[in-house]
Amino acid sequence: MKRPQLAIQWFPGHMTRAKRMIEAQLKLIDVAVELLDARAPRSSRSPLLGQLLKDKPRVLALNKADMADSAATARHLAAMKEEGCQVCLLAAAKDKGLKELLTAIREAARPALEKWQKRGLGKRAVRVMILGIPNVGKSTLINRLAGKNKAAAEDRPGVTRGQQWVHIAQGMELLDTPGVLSPKLEDGGVGFALAVTGAIKEEVFDREQAALLLTDFLADAYPQLLRQNYSIDIETDDSVDDVVAKIAVSRGCIKTGGSVDVQRVLSLILRDFRSGRLGRATLDPV
Ligand code: G4P
């Protein structure tokens, strides 16, 4: 299937200040964890971070794995590993994969640790920061990693006011504020994936159009999810409008005159997808 394309009204100018802040924060850390949405592991990656990091070690963490198609996730993981990336799988909200993430961070920090040890600086903690585009689960992950230690965090010189280092594991400290990255939205396929996963503010795209594209995508790639959740039949020659109408009838989204309440049913489909109620699905092709 051709990937759905959604135009986003994008204003890149706003990011200069955020970029400068991230540049300053990156100077303080040893390992960057880029948090991605497992339902859109390619689209949720920030091209900017690669440029900013240069040679600094990075771990890619695919979060919300509980909402993604497991087979697609396995293929994405394998492809990313083949590119030489340090990757791990997470479901931060479910406390899944946190140990594996710490192991991956340690692995990524190993060359730096060895260097310090040679210079007799072996006691220093590895400093880590979580970065990612909006809504991938950065705050959730920081809270899960920091846990009860967050209250005991301490201020350190060189960190922007209000930011603190939190002890998260032996020899490991986490910056308690995440780096918010801007997504790359010139590509309509990326726009579609990020709009339906909730990474982009709704003011900059057409919500109904996004939901219609999502329904079309699901009817083609994951028809069983629509069949099961809405108790409908989907025939191979059904148009997206046919599928929307069937869901509307099944869910009672019908106007007084008997016509389909398109706005209401599309809103319901989008909400069901975002909440994970529809089931596991991945939007990015490998
Ligand atoms: P951010 O800082 O990157 O912007 O993301 P944040 O942690 O605020 O998480 C965004 C949403 O994603 C939250 O849901 C959060 O609960 C959910 N989330 C985070 N990690 C996972 C995960 O591993 N699995 C699932 N299924 N969801 C996850 P929300 O509905 O916006 O808020 P709330 O109702 O949970 O408070």
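Every value quoted in this text rests on a predicted model; they were computed, and no experiment measured them.

The rules we used
Residues numbered from 1 in each chain as written. Predicted model: local features only at pLDDT ≥ 70, side-chain atom pairs only at ≥ 80, totals over all residues. Heavy atoms only, no water. 1 Å grid on protein atoms, 1.4 Å probe; cavity = no way out; pocket = protein on both sides within 12 Å on 5 of 7 lines; lining within 4 Å. Points joined across faces, edges and corners; volume = space filled by probe spheres on them. Nonpolar A, V, L, I, M, F, W, Y, C, P; charged D, E, K, R; others polar. Patch = residues over 30% accessible without salt bridge, like charges linked within 9 Å, V, L, I, M, F, W, Y side chains within 5 Å. Areas by Shrake-Rupley, 256 points an atom, 1.4 Å probe, with all protein chains shown as cover. Salt bridge = Lys/Arg side-chain N within 4 Å of Asp/Glu carboxyl O. Lys, Arg positive; Asp, Glu negative; His and termini not counted. Charge placed at Lys NZ, Arg CZ, Asp CG, Glu CD. Helix = DSSP H or I, 4+ residues; strand = E, 2+ residues; numbered from the N terminus. Near = heavy atom within 4 Å. Polar contact = N/O pair within 3.5 Å; in protein donor to acceptor, adjacent residues only side chain to side chain.

1. Description of empty space enclosed by the protein
Point 1. For the coordinates displayed, the defined rule picks out one cavity of 30 Å³ or more.
Point 2. Estimated volume of the largest cavity: approximately 30 Å³.
Point 3. Split by residue class, the lining of the largest cavity holds five nonpolar, three polar and one charged.

2. Describing a positive patch on the surface
Point 1. On the surface, a cluster of positive charge is made up of K19, R20, K27 and K54.
Point 2. Within the secondary structure, K27 is located in the loop between α1 (15–26) and β1 (31–37).

3. Remarks on the site of the ligand
Point 1. Taken together, 13 residues lie near the ligand, and D66, N135, K138, S139 and T140 sit nearest.
Point 2. G137 places a main-chain nitrogen or oxygen 3.0 Å from an oxygen atom of the ligand.
Point 3. In this structure, K138 approaches the ligand through a side-chain N or O atom, which is 2.7 Å from an oxygen atom.
Point 4. Against a free-state accessible area of 710 Å², the protein chains account for coverage of 57% of the ligand.
Point 5. Looking at the shell around the ligand residue by residue, the classes come out as five nonpolar, five polar and three charged.

4. Observations concerning the pattern of salt bridges
Point 1. Taken as a whole, this structure holds 14 salt bridges when the rule is applied.
Point 2. A salt bridge links R42 to E83, with the nearest nitrogen and oxygen atoms 3.1 Å apart. Of this pair, R42 sits in the loop between β1 and α2 (47–53) while E83 sits in the loop between α3 (70–82) and β3 (86–89); the two residues are 41 residues apart in sequence, bridging distant segments of the chain.
Point 3. Each member of the salt-bridge network shares a partner with another, and the members are R42, R45 and E83.

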